[in-house]
Structure formats: structure tokens, C-alpha cells
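So the chains spell out like this:
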Amino acid sequence: MASRSTASTSQTAPLNPTTNAQPLAEHSPLLASYDHWMLTLLDTIDRLKNMRIVKEPIQLPKIVVVGAQSSGKSSVLDSLAGGIGLSGKEAICTSVPVFIRLERNHLGVDSQFSVVVKEGPIPIEEADVAEMIFLAGLGVQDLSLVVKKAGVPDLTMVDFPGIGKDGVDGYWLRKKIMEQISQEESIILCAVSANKDFLESEAFRMCRDVDPGMERSILVVTKVDMTPDDLLRVAIAGIADIADLTYVLVRNSIGDETYAQGTEKERTLFENCDMLSGIHESNKGIQSLAQKVVRIQGAIITKSIQNILQQIHETISINMPNLNRPPQNAMRRALGLTKASLRKIIIEKKSIRSPYENQMKNWFARSTCQCQDKLKSKCDEIGNEKNFLDQEIEMLNEADTKKSSLKFSRVDYAFIKILDKKLDDIFSLLVDFVSGYLYGVTYAVKYVLSMHTADPHLLFTAKQAAENMIARMKEQTVAHLREAVEIERAVHITLNDAYQRIWDGYSAEKRDFLQKLNDNSQPGWVNCDRIGLVKVGHLRANTDEAELVFYLRWRIMSHWSVVRGRLVDNVTVDMVSSVKKLVEWEMECEILNKVLTEVNAASSSVSGDLSG
């Protein structure tokens, strides 16, 4: 009989190559059985929830254990969860349905247990779980236990009182059991003692009624260590005769045994018992049971995802024609109103009747003016040193130290170094200006979208699309600015008339400056027509190169006036042009495309996850 059992059960392949491995110490058997496939399914479910594509909540699988009184139901759940105190004392039996909500504690702090009653959660210790469930269950119809612990998956388990238990209304209990096991997301564990005929078990018959193919049901043969060999042999033979039956033989923890102690004793039993050692590894032990549970859990989740995928395809088919209709469509109407408002707020100069639009127009105008004023004041400060011509003198002296390696004159060297510093400064200022201006645009766009979009999901999608567009606009503008700055570094030529006009005044200004510099009767400050009031006292100690230094300053000043205006004008024009395109048509196209892309991406992602 034993050889027949071995041959029959060996046809059932393990769930994955790690079937025979013991669970990691920090993981419950359930969590240790989660492979890449299972984690991908759970991640897909999380993403579908976040996308809010389906209106009804997605129901995840739960474990429901049923069986006769003292068949080891609580002990099985306790072992699957890696020891949570459900089977603390042998004499205590479950008296009401207990809904156990496992919550994975990712922080790794101490485990937290609480019994939820009408008045609220009651914190308890793990050692007191079984007793507190018994006491709290007196006078109530069901009970909830919340377990926050490292090493357990996020999962719900339901522990029912034994069928036929004294003091429990049998009709009421059977009705409650049928309500739970009839749900498609329920994984049914039918616990039957090895010394009982499972075919005569009422729990087994109930499983067959709701799950004829036993696709989501597992027969858990308990207490194999407490069953005489002759009865155990009969039980194994009877199980092997049913082809479509998924089963696992387990040893139940006894009394105050810890989870680790029970696991070790179970391993020793299955290795040393002649009758049990011949059973295929995939059909014995809590870890094998956990892997079968996870396999059914994955099949249920896959089926749920397929149903969601079908809903997505149906939604696309139904709504695709609506997206191509004229502006009476809610989405296009909202975007049309948004475009009209933004055109008045950002682009046009007319007054606005709407108080909300007018309020935003005034705010945007103030924000833009602040950015422009800050840019102008900061640009005027670029290159302003404490003492007049100090920067030019410093760069000329630096050129002298590198005279042997210079490829051009010391004046050209100083000119390039000073210009590079000014370009670095104005690049940072213009990037700040772009950021500040686009912050105002972003705020205005989101404000107006909120005014005209009633649907929360559409509003969220529209704001996200707008933010992404403006972020890309900023990247493009900064990239164009960086390219323009690099061109200015490389090319020091201009045909701008402003350059010649400034340079025409050089000779007269130079004579005036040198005359006042060499006149020691003049104070330490002199007033030049073009440059203004400057400090020259420190220059009188170095008059030999005064004319060369002044020439360098005039050359930089003439060239910089053109470069600065060119960069600022280019950025301003680029910004205004880009924002106008955003308002007129880019934003509307982007949002409509994002809505369709989001739905299609969800559909493709789910299809890919399932095929993977």
C-alpha cells in the first residue's frame, strides 16, 4: 500500500525548484514561497489599484480553513504564518469565526498583535493570542485579529470553529462557512485528522459542493504523528485513489511548542518514519502546503487580472468613439475652457470679467514682473568688483605668469577669462529666471485646470501631463541656453550697432579718465561720462598699465552689452513662444494622448505580466 501511495503522489511535481528548501528563519512559510512570478502578480495588482482603472475594489485571495472540532485548523494557520500564537494552549478551541489580517512589518520592529472588538483594537502579547481570542469571542459572532510582523505576507486568513462543536449553532456556522468558501478568491484548506475518513467529513463535502474540481481547495491531513500506522496507511491509500485531489500531510504543533520547535520535529518525523518518508516531498510538510497555497493564490490573482484586462478592453472600445467627438465631450470641453482661460491669463493683455481668471492674471503678472526685475538687477551686478579695474589687472597679471604657454596676447587672455566668468554668471541667472517664470506658468495651468475639470481622475491626469510638458520645456530651454552660451565663448564677433556706438566713445573717455587719474589733486573718486563714479585711488600706484587696463575694460564692456542683450532676448523669446504653443495646442494634445496612453499602457502591462 505504501508503494502505491509513493507512485501515485510522485506524479505531482513541486511548485518550483526550491520546494524542498526550508523557509528562511525570518520568513514565514507563506512568504518564503513567494517567487518572482508571484511578486510580479502582486506588483501588477498594486499598479492597477494606483491607476484607479476599475471602479470596484480588487479582491485578493484569502485562506479559509474548515474542519471538524480539534482537527488542527488553528495550528495549520499558525504554522503557515510562521507562528503567531494561534495554538498557544492545547485545551483552547476556536469558538467564533476569527478573521486574521496579516500585515507585513517592513521596518523590522517588534511584532504587534491586537484583537479588534466593538470598542476598538486591544493590544495583546503573542503568548496570549489564543486565550484572548477565546475570551474576546464570548458573546460575539465573529472576531478580528490583526498581526503586524516581519516575515509574513499581506494576507487574510479565516479560522472557523469546528463543525459540530458543542455550543455553536450548526446551521448558523454552516451558513457562515458557505458564505466564505463560495467566494472565488477563497483558498479552502479542508483540515481532516489522519485517523478520520475524509470522505465522510462534512467539511470535505462542503468543499466539493462549492469547488467540484478542487481547483482552489487543499485537503490538509493533520496529526499524522498521532495516528496509528494501520489507520495512517488506510488514509494515505484513500487519498491516492482520487486523481484530482490536492493534499498535504502535516504534523500539528502541540501545546506550548514554538514554531521553530514544531518545524524541526516535523522535519525529523518525515525523514525517519518509514511510511511517511516514502511520500513525495511536495505532499508533506507545512512548507509544501505553503507552496501549494501560493500556487492557488497566483492562479486566482491571474484570473482576476484577466478579468480586469477584459474590462479595460471593453472600456477602451466603449470610450474610443467618445474621444473623437466634438467639444461637447466632457474631456474636450474642459480642455477647451482651460485653453480659453489660459490664453486670457498668460498671452493676451485684455482685461478679464471673471473674478477667478482676473485674480490669477494679476498674480501671474506680478510673478512675471518679479522674475524680470530680479534678472535685471542681478545682470547689472555681474562683474561689479569692489575696486574699479581690479579684475582686469588680476587677469593681466595672471597672463604674465603664463606668458610662455599663451597662444595669444595677454590682453586676449584676460578678455577671454573675464568673459567666461560673466557667461557662467549669466547662465545661472537665466536658469533661475526660466525656473521662476515656468513655476508661475505651472501654477496658473494647474489652477485653471482645477476650475474647469470636475472629474478627479481626469484632473489628476491633466495636471500630471501639464507638469511633464513644462518640465520638458524647461529642459529644452536650458539646453538651448547652454548651447548659446558655448557659442558666445567660442565666437567673439558681433555686427551689432550697439557695440560700435559704445566703442566710438572710447577715445574721449580714455583721455578724460587718464587725465583725472594722473591728477593727484583729484580725490580718490572720479566721475567718468560713460562709466560713472568710480574709485581710482588704488590705481595711482600702478599707472604704467592704466591705459591698457582701461582699454581692456572698454572692450569687455562693449562686447558684454551685446552678449548680455542677445542671451536675455533669446531666452525671453524662446520662453514666450514655447508657452504660447503650450496654451494653444500642445497641452490639449498631450493630455488627450496621456489619457489614452495610460489606459493602453495598463492593458499592455497586464498582458505582459500574464504572459511572463
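Provided above is the structure to which this section pertains.
Note that the coordinates shown come from a computational prediction; the quantities given were computed from them, not determined experimentally.

Counted by the stated rule, this structure contains 18 salt bridges. Here Glu 281 and Lys 284 are joined by a salt bridge, their closest N and O atoms 3.7 Å apart. Residue classification places Lys 284 among the buried residues on the basis of a relative accessible area of 5%. Of the charged contacts in the structure, one is a salt bridge between Glu 590 and Arg 472, with a shortest N-O distance of 3.3 Å. Taken as a pair, Glu 590 in helix H19 (residues 546-611) and Arg 472 in helix H16 (residues 456-490) lie far apart in primary sequence, 118 residues in all. One continuous salt-bridge network, built from bridges that share partners, spans Asp 420, Asp 424, Glu 486 and Arg 489.

A cluster of nonpolar side chains, contributed by Ile 487, Val 491 and Ile 493, occupies part of the molecular surface with about 280 Å² of accessible area. As for its placement among the helices and strands, Ile 487 is situated in helix H16. Overall, the relative accessible area of 47% leaves Ile 487 in the partly exposed class.

Turning to the environment of Gln 112, a few remarks are in order. Here Gln 112 is to be found in strand S3 (residues 112-117). Taking relative accessible area as the criterion, Gln 112 reaches 43% and is therefore assigned partly exposed. Along the backbone, Gln 112 and Lys 148 are 36 residues apart, and their C-alpha atoms lie at a distance of 5.0 Å. Those residues in contact with Gln 112 that lie beyond four places of it in its chain are Val 146, Val 147 and Lys 148.

One finds Ile 346, Leu 438 and Val 441 to be the most contacted residues of the largest nonpolar core, which totals 59 residues. Of all the elements in the fold, those that place two or more residues in this core are helix H12 (330-347), helix H13 (355-381), helix H14 (390-401), helix H15 (410-452), H16 and H19. Excluding its chain neighbours within four sequence positions, the residues that come into contact with Leu 438 are Ile 470, Met 473, Lys 474, Met 575 and Val 579. By size, the runner-up hydrophobic cluster in this structure holds 49 residues, among which are Leu 48, Ala 81, Val 129 and Val 248.

One can describe the packing of H15 onto H16 by two numbers: an axis separation of 10 Å at closest approach and a directional angle of 165°. With respect to their mutual orientation, H15 and H16 come out roughly antiparallel. Relative to H16, H15 is oriented so that their crossing is right-handed. Counted by class, the contact of H15 with H16 contains 18 nonpolar, four polar and nine charged residues.

Right, let's get into unusual backbone geometry. The backbone of Ser 70 shows a phi angle near 60°, a positive value even though the residue is not glycine. Secondary-structure assignment places Ser 70 in the loop between strand S1 (62-67) and helix H4 (73-80). Take Ser 70: its relative accessible area is 41%, and that puts it in the partly exposed class. Positive phi outside glycine occurs at Lys 223, with the angle close to 55°. The residue Lys 223 is located in the loop between strand S8 (217-222) and helix H8 (229-240) in this model.

With that settled, the discussion passes to the pairing of strand S2 (residues 98-104). Of the strand pairs in this sheet, S2 and strand S5 (residues 143-149) are connected by seven bridges, and their pairing is parallel. By the bridge assignment, Ile 100 is partnered in S5 with Leu 145. As defined by bridge partners, S2 adjoins strand S6 (residues 155-159) across five bridges and the pair is classed as antiparallel. In the strand pairing of S6, Arg 101 is matched with Thr 156.

For the rest of this paragraph, the subject is the sheet that holds S6. Overall, mixed pairing links the nine strands, which are arranged S4-S3-S5-S2-S6-S1-S7-S8-S9 in an open sheet. The open sheet has two edge strands, strand S4 (120-124) and strand S9 (247-249), and neither has a second partner. Taking the axes of each pair of neighbouring strands and ignoring which way they run, one obtains an average angle of 25° across the sheet. Here five bridges tie S3 to S4, and the two strands are oriented antiparallel to one another. Its bridge partner being in S4, Val 117 is matched across the sheet by Gly 120.

This part takes up the state of the cysteines. Overall, the coordinates contain zero disulfides when judged by the stated rule. Free cysteine Cys 371: the closest other cysteine sulfur is in Cys 369, separated by 9.3 Å.

Criteria and thresholds
Residues numbered from 1 in each chain as written. Predicted model: local features only at pLDDT ≥ 70, side-chain atom pairs only at ≥ 80, totals over all residues. Heavy atoms only, no water. Salt bridge = Lys/Arg side-chain N within 4 Å of Asp/Glu carboxyl O. Buried < 20%, exposed > 50% of the residue type's maximum accessible area, 1.4 Å probe, protein only. Helix = DSSP H or I, 4+ residues; strand = E, 2+ residues; numbered from the N terminus. Patch = residues over 30% accessible without salt bridge, like charges linked within 9 Å, V, L, I, M, F, W, Y side chains within 5 Å. Areas by Shrake-Rupley, 256 points an atom, 1.4 Å probe, with all protein chains shown as cover. Contact = heavy atoms within 4.5 Å. Core = buried A, V, L, I, M, F, W, Y, C linked by side-chain atoms within 4.5 Å. Axes fitted to C-alpha atoms, helices over the stretch in contact; angles between N-to-C directions. Parallel < 35°, antiparallel > 145°, perpendicular 65-115°, else oblique. Left-handed = near helix turned anticlockwise from the far one by under 90°. Nonpolar A, V, L, I, M, F, W, Y, C, P; charged D, E, K, R; others polar. Pairing = 2+ DSSP bridges. Disulfide = S-S within 2.5 Å.

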